[in-house]
Amino acid sequence: MKITKKTVASPIGEVTLFTIVNAKGASVVLSTLGAGIVEVNVPDREGKIENVALSYADPADYLADGPCLGKIPGRFANRIANGHLEIDGKEYQLTINNGPNALHGGPTGFMNRIWDAEELEDGVRFTYRSADGEEQYPGNLTTVAEYRWSEDDVLTLVITATTDAPTVVNLTNHVYFNLDGADAGSILKHWMKVNASKWLPTDLTSIPTGEIAPVAGTPMDFTEGKLIGDEIFADFPSLQNTRGYDNCWVIDGWEKGKLIEDVITLKAAESGRVLTVSSTQPGVQIYTGNWLAGSPKNHAGRSYEDHDGVALEMQGFPDAPNKPNFPSQLLRPGEEYKEIIKFAFKAE
């Protein structure tokens, strides 16, 4: 495994980019800005290696971008209703930055910070220390995101966190994929299967109602696999409200700490590339890039358009701190938050 690095300037300081190349020439590019995935370069069925992770031409454009492209949002990914938290009887008011709600840990969050980095033999270990009161969250939290790239084109992300006071944590990576190539256009013809027979209905502000509903008979059913575009524009409230898919699915067979293999399978018929995602997380927020238009320019010299990529965000449930029936995202001193996400690529 070969690792090289370079630095680029940004408004908040120097950003380091690490390129990790395996023996076949497939590679990933990782950034200290938001502990982000900048590129995933893998072969198609003809052996052509191409980037399949949506990517901006200017590394500084990742700072404070609306799509949160490729980065780790935190300290709580996704939404918390009204920015309201209560832990052990004490209330906390988080910054509101998405309608009436708090999203991705706040306007700065973890995604717009420069993380410390340490090279590994086959990857990079990123560390971020979030101070007590940052974005109004309690507790000093230390988060470690460890990425490893394999000779068989598997990118493994292990995220751990510890705290010195009770707090809430929900961490993921917000990379968007287009298996025909990062700048190839729409992903509506990608075929997707999700091993989730239930999903979380939401209100008009994308906060889960608390109901855990069956996907059967709805456009949210991907249990047998179908094209993303088959029902994305259906007359269905959750799709109409968000101009496409932007909901959390409940992973079948989930148990705390258990790695569920092949939770999601994503295929592109044109390139033959296949992505399978495995994880220990209880849910997956599938977001079909419904608001990508107007994003910073990509390597093709244009902004991405809506539905040019799909984010498969393995995570805890949105608004879990306010929903006692959801898996808890509470972390206490002496405990370790630990979650694993594996992105495996092949072609057929």
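Data block above holds the structure.
Here we summarise the structure given alongside this text.

Rules and cut-offs
Residues numbered from 1 in each chain as written. Predicted model: local features only at pLDDT ≥ 70, side-chain atom pairs only at ≥ 80, totals over all residues. Heavy atoms only, no water. Helix = DSSP H or I, 4+ residues; strand = E, 2+ residues; numbered from the N terminus. Polar contact = N/O pair within 3.5 Å; in protein donor to acceptor, adjacent residues only side chain to side chain. Pairing = 2+ DSSP bridges. Axes fitted to C-alpha atoms, helices over the stretch in contact; angles between N-to-C directions. Core = buried A, V, L, I, M, F, W, Y, C linked by side-chain atoms within 4.5 Å. Buried < 20%, exposed > 50% of the residue type's maximum accessible area, 1.4 Å probe, protein only. Contact = heavy atoms within 4.5 Å. Phe/Tyr/Trp six-rings, centres within 6.5 Å; stacked < 30°, edge-to-face > 60°.

### Considering the side chain of R79
On the secondary structure map, R79 appears in strand 6 (residues 79-80). A distance of 2.9 Å separates the side chain of R79 from the side chain of N98, its partner in a polar contact.

### Digging into the sheet that holds strand 4 (residues 36-43)
An order of 1-2-3-4-5 is seen for the five strands of this open sheet, with the pairing classed as antiparallel. Both edges of this open sheet fall to strand 1 (2-8) and strand 5 (49-51), since each of them pairs with a single strand only. When strand polarity is set aside, the average angle formed by the axes of neighbouring strands in this sheet is 15°.

### Quick look at the pairing of strand 1
In this sheet, strand 2 (residues 15-21) lies alongside strand 1 in antiparallel orientation, the contact comprising seven bridges. Directly across from K2, in strand 2, lies its bridge partner V21. Where strand 1 folds back on strand 2, the antiparallel hairpin that results is connected by six residues, among which G13 adopts a positive phi of roughly 125°.

### A word on the nonpolar core
Formed by 65 residues in total, the largest nonpolar core has its most connected members in V40, W249, F343 and F345. Excluding residues that lie within four positions of it along the chain, W249 makes contacts with V194, A196, K198, W199, V215, M220, F222, P282, G283, V284 and I286. Membership of the second largest hydrophobic core comes to 16 residues, among which are V8, V38, L69 and Y287.

### Some words on the packing of aromatic side chains
Across all of its chains, the model carries 14 aromatic pairs by this definition. Seen from their ring centres, F18 and F126 are 6.2 Å apart, and the 80° between their planes marks the pair as edge-to-face. Note that F18 is positioned in strand 2 and F126 in strand 11 (residues 123-130), a separation of 108 residues in sequence. For F126, a relative accessible area of 0% puts it in the buried group. Between Y176 and Y287 the ring centres are 6.0 Å apart and the planes differ by 65°, which places this aromatic pair in the edge-to-face class. Separated by 111 residues along the polypeptide, Y176 in strand 15 (residues 176-177) and Y287 in strand 23 (residues 283-287) bring together distant segments of the chain.

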